[in-house]
Structure formats: structure tokens, C-alpha cells
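Observations on chain architecture
Here's the letter readout for the chains.
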Amino acid sequence: MAEFFLELFSEEIPAGLQKNLREKLLEEFEKFFLEKSIKSKKSFSLSTPNRLVIVFEGLDKVIKILSDEIKGPNINSPDQALEGFMRSNKIEKKDLFKKKTEKGEFYFYKTDSKLFKTNDLLMEFVPKLLENYQWKKSMKWGEYNLNWGRPLKSILTVFDKKVVNFEFHHLSSSNSTYIDSDFEEKKRVFTDFKSYEKHLKQQGILIDQNKREELIKKEFSKILNKRKLIIKENFKLFDEVVNLVDNPNILLCSFDKKFLSIPKEILILTMQSHQKYFPIFNDKNEITNEFLIVANKRDQKGLIKIGNERVVEARLSDAEFFWNKDKTQNLVKKISELKLMNFFKGLGTYFDKVQRMRKLGGMISDELLISKEKVELSASISKTDLTSDLVGEFPELQGIMGGYFSIHQGFDKDISQALTDQYLPVGIDSKYPKKPFSIALSVTDKIDTLVGFFGIDEKPTSSKDPFALRRVALGIIRTIIENKKDFRLNDLLVYSSSLYQDQGHNFTNQNLQKELYNFLKDRFKYYMKEKQIRLDIIDASISSFSCNKLFSSFEKAKSLNKIIHNRVGLDITSSFKRASNILESEMKNIGFELNNTADPGIFKTDFEKNLYKKINEIKNYYSSINKDENYEYSLSLLAEAKKEVFEFLDNVKVNEENETLRKNRLELINMLCKTFQNFINFQLLKANNE
């Protein structure tokens, strides 16, 4: 048994590329060893910004491939087939023998058993694997032809304590690597991973990303728990920082308290996104003037701490200047500046957009029964923060800064909140607008965007969605459903399209409304899948899809999904399936059509009368409800019909010789099925055993 140990030493590879390299290369090595029937006891991959390490422990030094019988063509096949078989396997006719199988007699040949040295296989395979690795982003440098994430400096490759010799572009494999990634002056020889890891640890380098993560979390907790402070969970930032360092050291830093007067989102964004720092909050969830950084070496003289504090102070000084300047600039007066900002080619400027949003928002205000004037005002100033220096410096804060500016200038609280929330939600589980004016502005903005881009045929494809229109559509759907409202969305889409036409923007898409309908239908289906609704229930829900009934359709599907496997669900589905199966079977052999009306005057049994009475109870219930349907009660009412349905089907002969009776009984069953389908298209549901 032997160890295979590979280290790729390069200039610093970004965290995202590094993580992908670490995982993909290990997968390729595992696949290779599996194909060659080379077993290993343990395998893993590790990385730092400069180093990628692959290790396999307990590998066979020699692999024996046993002889095998290779099947060729049938003995009656043309000569060309036999010649092709011999040529592809590099054998002669004397090597062949005939053998009978269940499918006839075929030519075979027997391969020789072979011994392969694992080292020889690695010499051939490793450079091929490195050559074939697909980077998301790569570069060339100097006069070399090698494409790599960052300049590759050395390749340490050892198997059974000996070098695996190969050439890779301008580099030759060896058993040595650079110790100091900053100066690259000293190299050291290693023949196994354990001595390599131990030596680097002595230099303060933790090669194992999992150990770095544990260390950082432990040091964070020490500092925070002692002071009763917290940091917000940010898995993406934490994962990135772990892969940015190899010698992690935690420092507690601070900035001048005067900057706490700046909106906290600016402070957080400056520290997290721009500097990769961790803002600290007190037990009241208020941001403090302290933050944590993960340095890549010990700060013995305190210079790293001073340097990072100076960087933050400089950035926050700029932000403070922009904040004090921008917050005083009248938002209403800045609307005219939007004429100089293009929204998108063919869709006008941002000034054009807010004028459309004003009118569309007015229509939505009628749906929500809120002040039309306030909705129109919020739409008018919704994009003015795009002209500010702060949003120019921090584009991630568009909308949020508009909310702060409007608060400072004395706008109504509802309007300020609407500006802050206008871009929500941004994903399937993110925050969504909840206040009426926020809902109105968010939906208005998204409908205008969706209609505009579809109108000029800038639609998503199967692989690309450059304008995030799937997210926009999902945002509309989430906002409507999770606020428990049904909008006349069809009318809003048509009106939005007409607003573009009124401004002289001529759409090239002649199937605009149909495509928008299908797109929203598809996103609605995706939303229900994410909410763990059963697929056949989703199909049943959208078979009569209406953009105007997103919330009610979802609630019906959710309610049915909740009870589909319990007694209520089983009673409903068994009643409908049994009735609809009989109806479908009988309708194939009759020469008349049904008109969904049974004549109680010719009923012969109480079973018919009881079923007819139960159907009318359900019909009367559906005719009496409006938007306030209790879906759980509706389902319980349908489930209660099982007694009458089964008693009728068990005791009444539907396929009666008397055509009048037969037709009337089929009409009764048809009425039952139609009544059930007031709730959902049960025809598309699968039986629980399917």
C-alpha cells in the first residue's frame, strides 16, 4: 500500500475558483482510480490561496488486470465485420475461437492478464487531468501557453515516496515546493503528506480549510461571548474568508463612533462586501463601531490592525460625505434627472419608466383600496436615488437609500417604506414587501420590467436569463400569494403594455400576452414545487390556470396537498376516481351527449335521491361563497360525499337497459364529477398507489 500526494503551488487563486478546483480535481482522480480498479482507503483534497493538495492513502502499487473474453461478431456476419473487430483489438485470426451463446454462435478472443504499475498510470494520467480541467475563468501569462486560474509555479507529485515524473507545459513535476508564498526563495523536499502538513503547520500555515474554519469560529466566539456581542450569519462571506487565508489570525478593530450616524446598510456593505470584515452588533441588534477581521499573519506590532482601521475610516469618510450631500437633494426635483438615464434600449429612460409606473400604480391602488396619490408619488420618486453619489458608490443600496433620503426629507412613512422595499423579494426565501404601499410599488415595478423586456423579445432562454426576468416574475407571484391577495393580473399586464405603446415604444413581440401568461404559469409551477406541493396536484391546479387567481389556486393546492394522504384526502379521491372511471367507460358506448342535468322525477331508488341531494348541497355551497372560501371546509364537504357516492355505485345499476334511466344515472355521475371540479381538476390526480 502506498500514498499518492499532489500539490499545485500557484499565485493566489480566488476563493470561488479555489473551492471548485479542490472539489472537481478530487472527483476526477476518484473516477480515474475507479476506472482502473485501483482501491484506496482514504482520499481528500485541501487548499489555501496558493496551494491545492490531493491525497489518496492505501493505494495498490501494482494492479493486475485479469484475462477476459471479448465477444466479437456472429460467425455468419460479413467478413468486413470480423476484420473490423480484429483491427480494433489488434489481433489476428489465429487468436479467435468460436463459442455458442443463447443468441447464437459468435467469435471471441481471450485477453492476456496484465500487471500495471500505479506510478506508470499516474505519469500518464495526471498531466492529462490538469490539461482537461475547465476553469470558469483562467489566464495566460508570460510566453507560456498554459491556461490556469492564476500563474502555476510548481507541481509536487509523489507516489510511494518517489516522484511521479511528467512534464506539464513549462513545468516539471518534482518532490519539492515553495515554503514561503511571499518570497518564493526557499524550496523544501517532501516525500509524504504528513511531513508536509507538519512542516507547514510549524510555519503557521493551516493547509486544511476545515481546520481553518474551526479555528476562526472558535476565536470569534472567544471575543464575542466575552463582550456579549454578536455577528450576523453570512455563510457566503465566512466561506470566502476561510479560503482567503492560510494563517488565520483574528483581530478586533473599531472605527470612529461618529460614523454610526450613517445608515447601517452603508456600514455593513462597506465592511462585508468591500473589505471582507465582520460587523459586530449588540444584544439589541444595533450595529456597533467594532468589527472583526481575519488577517493572514500574526499582527505582532499592531500594524495590520491600524492599517485596516485606516482603510475603513477612509471609506466611511467618503460615504459620510456622500450621505450628507445626497440626503438634502430634493427627490421631487431630481425626477427630471432621470431623463438622462436610459432604462434599456427600446424601453426609454428611467423617467419614462416612472411615468408608466405612476399610472400602473394607480390601477393597483384600486385593487388594494389605498391612496392613489401616495402610490403615484412613491412611483414618481422611486428611482431618483439612482442619480445619487451614494448609489453610484454602493449600487447594491438602490431603493434602500431612496427610503433613507425620503425619511430625511419628511415624506410619509408609507412612501419611505415602499421605496425601501421596491426591489423585494429577490429570491424564493428572501424577505417580501408586506405593507400595502410597498406591495403596490414592488408589483408595479416588476410588471413594467417584465412586460417591457418581453415586448422587445429580450426573453429568458433555457440556459440564460441576463435580465433576471425569472426572478422578477417569481417576485410578483410571491408578493401576491404571500400577502394573501388575488390581483387582476391579466388586466395589469394588458394596461402596462398599452402604457408602453402610449409612449411610442413599439413592441416587436406579437404574442406578448400569450407568452407572459405561459411564463407566469411556468414560474407559478416552479413556486409550488419549491413549496413541496405534489406534482400531480400542481398539474391539477394549473390546468385551469388564471393569472387573476394566483393566491386562491395556491391555497387550494396547498390545502389538498396537506390532506391528500389522510382519511379526508382518500375519501375525496376514491369517490371521484370511482365515479369518473365509470363515467369514462360508459361514455365510450353510448350515442348521446350529457347536459349536466339529472331528472329527479325518474329516480327509482333512494340511493339516487340521496346522491342528488348531496350534489346539490355542494353546488349550493359553491354558489354561496365568494373570495372567503375556507378550503379545508370545502375539502371536508367533498369527503363527506363518499357515503352517498359509494352507496349509489354499489347498489344502482348504471348500465341500465332502459336508455332513459341509463342516461339519467350517467347525468347524475357527471353532475357529481363537475361539482367536485369546482375545487380542482381531480381528473389529473394520480391514485395514491400510482
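Note that the structure is a prediction, hence the values are computed from the model and not measured.

Counting secondary structure elements, the protein chain contains 24 helices and 19 strands. For a compact globule of 690 residues, the expected C-alpha radius of gyration is about 26 Å, and the protein chain comes in at 35 Å, more than 25% above that figure. Overall, the protein chain is about 100 × 95 × 55 Å in size when its C-alpha atoms are taken along their principal axes. Out of the 690 residues belonging to the protein chain, those deemed buried represent 48%. A total of about 35,900 Å² of accessible surface is found on the protein chain, and carbon and sulfur atoms cover 47% of it. Positive and negative side-chain charges of the protein chain, numbering 113 and 100 respectively, have mean locations separated by a distance of 2 Å.

Let us now look at the sheet that holds strand β9 (residues 152-159). Strand order in the open sheet formed by five strands is β2-β3-β1-β9-β10, and the pairing between neighbours is antiparallel. The two strands at the open ends of the sheet, each matched to only one other strand, are β2 (42-47) and β10 (162-163). In terms of strand pairing, strand β1 (residues 2-10) meets β9 through seven bridges, oriented antiparallel. Across the sheet, Phe 5 pairs through a bridge with Val 158, a residue of β9. Most of the contacts of helix α3 (residues 118-132) go to β9, to which it runs at about 155 degrees, and overall it touches β1, β9 and β10.

So, about the sheet that holds strand β5 (residues 69-74). Strand order in this open sheet of three strands is β5-β7-β6, and the pairing throughout is antiparallel. Every other strand in the sheet has two partners, leaving β5 and β6 (96-101) as the edge strands with one partner each. When the angles between neighbouring strand axes are averaged without regard to direction, this sheet yields 40 degrees. Pairing of β5 with strand β7 (residues 104-110), which is carried by four bridges, proceeds in the antiparallel orientation. Along β7, the bridge assignment pairs Lys 71 with Phe 108. Its contacts with the sheet place helix α2 (residues 79-89) against β5, β6 and β7, and it is angled at close to 155 degrees to β5.

Moving on, we get to the side chain of Ser 380. Structurally, Ser 380 can be placed in helix α10 (residues 372-381). Within the structure, the side chain of Ser 380 is placed 3.2 Å from the side chain of Arg 358, a separation counted as a polar contact. Of note is the side chain of Ser 380, whose polar atom sits 2.8 Å from the backbone oxygen of Glu 376. In this structure, Ser 380 is in contact with Ile 335, Val 354 and Arg 358, ignoring residues within four places of it in sequence.

Okay, the packing of aromatic side chains next. If you walk through the whole model with that rule in mind, you get 47 aromatic pairs. Measuring from ring centre to ring centre gives 5.0 Å for Phe 220 and Phe 278, while their planes differ by 70 degrees; the resulting arrangement is edge-to-face. Of this pair, Phe 220 sits in helix α5 (residues 209-227) while Phe 278 sits in strand β16 (residues 278-281), and the two are 58 residues apart along the sequence. With respect to class, Phe 220 is no different from Phe 278; both count as buried. The structure contains a cluster of three or more aromatic residues connected by ring pairs, namely Phe 4, Phe 29, Phe 32, Phe 33, Phe 56 and Phe 125. For Lys 71, the ring lying beneath its charged end belongs to Phe 106, and the centroid distance is 4.2 Å. Against the face of Phe 679 rests Lys 556, its NZ or CZ located 5.4 Å from the ring centre.

Further remarks concern the nonpolar core. Core analysis: the biggest nonpolar cluster contains 132 residues, and Ile 447, Leu 450, Leu 489, Phe 524, Leu 560, Phe 679 and Phe 682 have the highest contact counts within it. Sorting elements by how many residues they give to this core places helix α14 (residues 436-455) first, with 10 residues. Residue contacts for Phe 679: discarding those within four places in its chain leaves Lys 556, Leu 560, Tyr 622, Glu 629, Tyr 631, Ser 634, Leu 635 and Leu 638.

Let us look at the pattern of salt bridges. Considering all chains together, one arrives at 43 salt bridges under this definition. For the salt bridge of Lys 161 with Asp 192, the shortest nitrogen-to-oxygen distance reads 3.4 Å. One end of the pair, Lys 161, is in the loop between β9 and β10; the other, Asp 192, is in the loop between β14 (187-189) and α4 (193-202), and 31 residues separate them in sequence. Among the residues examined, Lys 161 registers a relative accessible area of 51% and is labelled exposed. One salt-bridge network, held together by shared partners, links Lys 353, Arg 356, Lys 383, Asp 445 and Asp 448.

The next thing to look at is helix α17 (residues 512-530). Between its terminal C-alpha atoms α17 stretches 27 Å, which fits the 27 Å expected from 19 residues at 1.5 Å a residue. Along α17, the residues that are buried comprise Leu 512, Leu 516, Phe 519, Leu 520, Arg 523, Phe 524, Tyr 527 and Met 528. Against α14, α15 (469-482), α16 (489-502), α18 (535-542) and α19 (550-563) lie the buried residues of α17. Within two residues after α17, Gln 532 carries a phi angle of roughly 65 degrees, on the positive side.

Helix packing for two helices is described by the angle between their axes and how far apart those axes are. It is at 8 Å that the axes of α15 and α19 come closest, and there the two elements cross at 70 degrees. Comparing the axis directions of α15 and α19 gives the class roughly perpendicular. Counting all contacts with α15, which are made through Ile 477, Ile 480 and Ile 481, the residues of α19 involved are Leu 550, Phe 551 and Phe 554. Class assignment of the residues belonging to the contact of α15 with α19 gives a composition of six nonpolar, no polar and no charged.

This part takes up unusual backbone geometry. Put simply, Leu 424 and Pro 425 share a cis peptide bond, and its omega is -10 degrees. One can find Pro 425 in the loop between α13 (413-421) and α14. Even without being glycine, Lys 90 reaches a positive phi, approximately 55 degrees. Residue placement: Lys 90 occurs in the loop between α2 and β6. Even without glycine at this site, Gln 532 takes up a positive phi of about 65 degrees. Here Gln 532 shows up in the loop between α17 and α18.

Here we come to the pairing of strand β3 (residues 51-59). Along β3, eight of the nine residues are buried, which leaves the element largely enclosed by surrounding structure. Where β1 meets β3, seven bridges bridge the pair, whose relative direction is antiparallel. Of the residues in β3, the one forming a bridge with Leu 6 is Ile 54. Two strands pair when backbone bridges link them, and β2 and β3 are joined in this way by six bridges, in the antiparallel orientation. Looking across to β3, one finds that Lys 42 is bridged to Glu 57. Connecting β2 to the antiparallel partner β3 that follows it, the hairpin turn spans three residues.

Look at helix α24 (residues 659-676): 26 Å from first C-alpha to last across 18 residues, which is about the 26 Å you get at 1.5 Å a residue. Of all the 18 residues making up α24, 14 are buried; the element is thus mostly covered by neighbouring parts of the structure.

This part covers the packing of α14 against α15. Direction vectors running N to C along α14 and α15 enclose 145 degrees, while the axes themselves pass 9 Å from each other. Here α14 and α15 pass one another in a crossing that is left-handed. Along its contact with α14, which presents Ile 439, Ser 442, Val 443, Lys 446, Ile 447, Thr 449, Leu 450, Phe 453 and Phe 454, the element α15 presents Leu 469, Val 472, Ala 473, Gly 475, Ile 476 and Thr 479. Here the contact of α14 with α15 is built from residues that sort into 10 nonpolar, four polar and one charged.

Each value, and the rule that gives it
- Residues numbered from 1 in each chain as written.
- Predicted model: local features only at pLDDT ≥ 70, side-chain atom pairs only at ≥ 80, totals over all residues.
- Heavy atoms only, no water.
- Helix = DSSP H or I, 4+ residues; strand = E, 2+ residues; numbered from the N terminus.
- Rg over C-alpha atoms; globule rule 2.2 N^0.38 Å.
- Buried < 20%, exposed > 50% of the residue type's maximum accessible area, 1.4 Å probe, protein only.
- Areas by Shrake-Rupley, 256 points an atom, 1.4 Å probe, with all protein chains shown as cover.
- Lys, Arg positive; Asp, Glu negative; His and termini not counted.
- Charge placed at Lys NZ, Arg CZ, Asp CG, Glu CD.
- Pairing = 2+ DSSP bridges.
- Contact = heavy atoms within 4.5 Å.
- Axes fitted to C-alpha atoms, helices over the stretch in contact; angles between N-to-C directions.
- Polar contact = N/O pair within 3.5 Å; in protein donor to acceptor, adjacent residues only side chain to side chain.
- Phe/Tyr/Trp six-rings, centres within 6.5 Å; stacked < 30°, edge-to-face > 60°.
- Lys NZ or Arg CZ within 6 Å of the ring centre and 35° of its normal.
- Core = buried A, V, L, I, M, F, W, Y, C linked by side-chain atoms within 4.5 Å.
- Salt bridge = Lys/Arg side-chain N within 4 Å of Asp/Glu carboxyl O.
- Expected span 1.5 Å × (residues − 1).
- Parallel < 35°, antiparallel > 145°, perpendicular 65-115°, else oblique.
- Nonpolar A, V, L, I, M, F, W, Y, C, P; charged D, E, K, R; others polar.
- Left-handed = near helix turned anticlockwise from the far one by under 90°.

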